[in-house]
Amino acid sequence: MEARFGKKEKLKSKKEIDLLFTAGTPITQYPIRLIYHTKTIPSHCTTVAVSVGKRNFKKAVQRNHIKRLLRESYRKNKYIVQSDTTPNFNFMFLYIGKEIPDQSLITAKMKKLLQKFMSKECAAN
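Anyway, here's the lowdown on the structure attached to this text.

Cut-off values and rules
Residues numbered from 1 in each chain as written. Predicted model: local features only at pLDDT ≥ 70, side-chain atom pairs only at ≥ 80, totals over all residues. Heavy atoms only, no water. Patch = residues over 30% accessible without salt bridge, like charges linked within 9 Å, V, L, I, M, F, W, Y side chains within 5 Å. Areas by Shrake-Rupley, 256 points an atom, 1.4 Å probe, with all protein chains shown as cover. Salt bridge = Lys/Arg side-chain N within 4 Å of Asp/Glu carboxyl O. Lys, Arg positive; Asp, Glu negative; His and termini not counted. Charge placed at Lys NZ, Arg CZ, Asp CG, Glu CD. Helix = DSSP H or I, 4+ residues; strand = E, 2+ residues; numbered from the N terminus. 1 Å grid on protein atoms, 1.4 Å probe; cavity = no way out; pocket = protein on both sides within 12 Å on 5 of 7 lines; lining within 4 Å. Points joined across faces, edges and corners; volume = space filled by probe spheres on them. Nonpolar A, V, L, I, M, F, W, Y, C, P; charged D, E, K, R; others polar. Phe/Tyr/Trp six-rings, centres within 6.5 Å; stacked < 30°, edge-to-face > 60°. Pairing = 2+ DSSP bridges. Buried < 20%, exposed > 50% of the residue type's maximum accessible area, 1.4 Å probe, protein only. Contact = heavy atoms within 4.5 Å. Core = buried A, V, L, I, M, F, W, Y, C linked by side-chain atoms within 4.5 Å.

This part covers a positive patch on the surface. A cluster of basic side chains, namely K7, K10, K12, R68 and R71, defines a positive patch on the protein surface. Within the secondary structure, R71 sits in helix 2 (residues 60-77).

Now the structure itself:
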């Protein structure tokens, strides 16, 4: 499996993002919150968006750094959720912590969060 995070995997649709916040299901593994929803338009891969609040991090440099960390940790661990048996989802990762994290913390929490997501979805099916 390729460990890429290409253009087709990025969630950019305003309509889909609004649907995530209105009808999505949240899972939290502090300091990351995952909101997910089954795609309305089926495609071949899961799409992902990343967000860091301006309230806790005033400088754009800090927000962008955290977003890069989140995207990289998802890219490395997306094999957990990408299989042929699961339906396609839209994911929104929100960083809800108040301090700037390091890569090892984000990677560990992302792995736990994706495993929690898979166990919840396997139980539902």
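The omega angle of the peptide bond from Y30 to P31 is 10°, so this bond is cis rather than trans. By secondary structure assignment, the location of P31 is in the loop between strand 1 (25-29) and strand 2 (32-38).

Further remarks concern the layout of surface pockets. Taken as a whole, the largest pocket encloses approximately 190 Å³ of empty space. Lining the largest pocket are 13 residues, and of these L11, E16, K39, T47 and N90 sit closest to its centre. Across the lining of the largest pocket, the residue classes break down as 3 nonpolar, 5 polar and 5 charged.

Attention now goes to the packing of aromatic side chains. For the coordinates displayed, the defined rule picks out 10 aromatic pairs. An angle of 50° between the planes, with centres 5.6 Å apart, marks the rings of Y74 and F93 as tilted. One end of the pair, Y74, is in helix 2; the other, F93, is in strand 4 (residues 89-95), and 19 residues separate them in sequence. One aromatic cluster is present, formed by F5, Y36, Y74, F89, F91, F93 and F117 through successive ring pairs.

Bringing the pairing of strand 2 into the picture now. As defined by bridge partners, strand 1 adjoins strand 2 across 5 bridges and the pair is classed as antiparallel. Residue pairing in the sheet places I27 in a bridge with L34 of strand 2. The turn joining strand 1 and strand 2, which pair antiparallel and follow one another in sequence, is formed by 2 residues. Where strand 2 lies against strand 4, 7 bridges are found, and the strand directions are antiparallel. From the neighbouring strand, I35 faces strand 4, where its bridge partner is M92.

Our focus in this paragraph is the side chain of K39. Along the chain, K39 turns up in the loop between strand 2 and strand 3 (47-52). Of the buried charged residues, K39 lacks a salt bridge, with E16 as the closest side chain of opposite charge at 7.5 Å. Those residues within four positions of K39 in sequence are excluded, and the remaining contacts are C45, T46, T47, N88, F89 and N90.

With 25 residues, the main nonpolar core has L70, Y74, F91, F93, L114 and F117 as its most contacted residues. Those elements that place two or more of their residues in this core are strand 2, strand 3, helix 2, strand 4 and helix 3 (103-124). Top element by residues in this core is helix 3. It accounts for 6 residues. With sequence-adjacent residues up to four places away left out, Y74 is seen in contact with F5, E9, T46, V48, V81, Q82, F91, F93, M110 and L114.

Any link to function would need more than the numbers given here.
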